[in-house]
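# Remarks on the overall topology
Below are the chains, spelled out letter by letter.
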Amino acid sequence: MQLPQLLADTRACTLCEPNLPLGAKPLLHAGRGAKLLIIGQAPGRRAHDAGTPWQDASGERLRDWLGLTAEQFFDPDTVALLPMGFCYPGTGRSGDLPPRPECAPRWHPPLLAALPNVRLTVLLGRHAIEGYAQHPYRTMTDAVGDHARLLAARPVRVALPHPSPRNNRWLAKHPWFAAEVLPKLRRRVRRLVPRHAG
Ligand code: SF4
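Keep in mind that this is a model prediction, so the values were computed, not measured.

The next thing to look at is the site of the ligand. Every residue close to the ligand is listed here: Cys-13, Thr-14, Leu-15, Cys-16, Leu-20, Ala-24, Pro-26, Phe-86, Cys-87 and Cys-103. A majority-of-atoms criterion places the ligand in the largest cavity.

Here it is in C-alpha cells:
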C-alpha cells in the first residue's frame, strides 16, 4: 500500500478506542524520504490536546540530542515519528500509562515497509527498546550503554532514555551518555541530515 493511503488509514484507526480515556487521535508523522526514524512511547496529554507531538521541553531536548533544528525535525521527509502507541493512553499513578499493546503490531509492519530510506532508528525509552533492540537488555541503561554495538549492527539503531525532564536524575547519574553517546549520535545524524538542509 502507498504511504499516503496507509497514513490516512492509520489516522482513522479506532482499534483500541474503548481503552483510550480521551478517544482515538493517532499522532504520527512520516514521509517516504525519511532517513531517521524515531520510535518513542506514546503521545502525552499535551501532545494529544495540541495534535502535535514533541512541541514541548522533551522535544527541545530531543532535537538538541540529535543536533536538528525544529524545521528539520518536523519535516516528514527527514524524520519519521512512529511511537509504540499512536494515541494518548491515559495517565496512571506514576505517570503516563504504557502505549496500547494493539498499536505497534497492527501498524508498524506496514508503515516500516513503506519507509525504504530509513538509515538510523532511534529507540526512545523502555517500550521501544523492548520492541526493537533485538537483544534482551536487562535495563534501559544497559541498552543505552550498548551504543557501539547497536550503531555497528544492521539495521543501525541506537537506544536513548526518554528526553523527558523526569529523566534528569538518570542523566545526572550517567554522565557518559552526554560525553560519549550524544557526540556519536550527532555525527551519525549529521551524515544523514546535513546542516544546510534546515
Ligand atoms: S492507539 Fe493505535 S491501535 Fe489504538 S486506536 Fe490509536 S492508532 Fe489505533
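Glancing now at the pairing of strand β5 (residues 120-124). With five of its five residues buried, β5 lies for the most part within the structure. With four bridges connecting them, strand β1 (residues 36-39) and β5 associate as parallel partners. Directly across from Leu-36, in β5, lies its bridge partner Leu-120. Pairing of β5 with strand β6 (residues 157-160), which is carried by four bridges, proceeds in the parallel orientation. Counterpart to Leu-124 in the pairing with β6 is Leu-160.

Considered as a void within the structure, the largest pocket measures approximately 1,100 Å³ in volume. As for the largest pocket, its lining consists of 39 residues, and the residues nearest its centre are Gln-41, Asp-96, His-162, Ser-164 and Arg-166. Those elements giving two or more residues to the lining of the largest pocket turn out to be α2 (45-50), α3 (57-66), β4 (95-96) and α6 (125-132). Among the elements that make up the lining of the largest pocket, the one with the highest residue count is α6 (five residues). Looking at the lining of the largest pocket residue by residue, the classes come out as 18 nonpolar, 13 polar and eight charged.

Criteria and cut-off values
Residues numbered from 1 in each chain as written. Predicted model: local features only at pLDDT ≥ 70, side-chain atom pairs only at ≥ 80, totals over all residues. Heavy atoms only, no water. Near = heavy atom within 4 Å. 1 Å grid on protein atoms, 1.4 Å probe; cavity = no way out; pocket = protein on both sides within 12 Å on 5 of 7 lines; lining within 4 Å. Sits in = over half its atoms within 2 Å of the grid points. Buried < 20%, exposed > 50% of the residue type's maximum accessible area, 1.4 Å probe, protein only. Helix = DSSP H or I, 4+ residues; strand = E, 2+ residues; numbered from the N terminus. Pairing = 2+ DSSP bridges. Points joined across faces, edges and corners; volume = space filled by probe spheres on them. Nonpolar A, V, L, I, M, F, W, Y, C, P; charged D, E, K, R; others polar.

Honestly, it's all geometry; don't read function into it.
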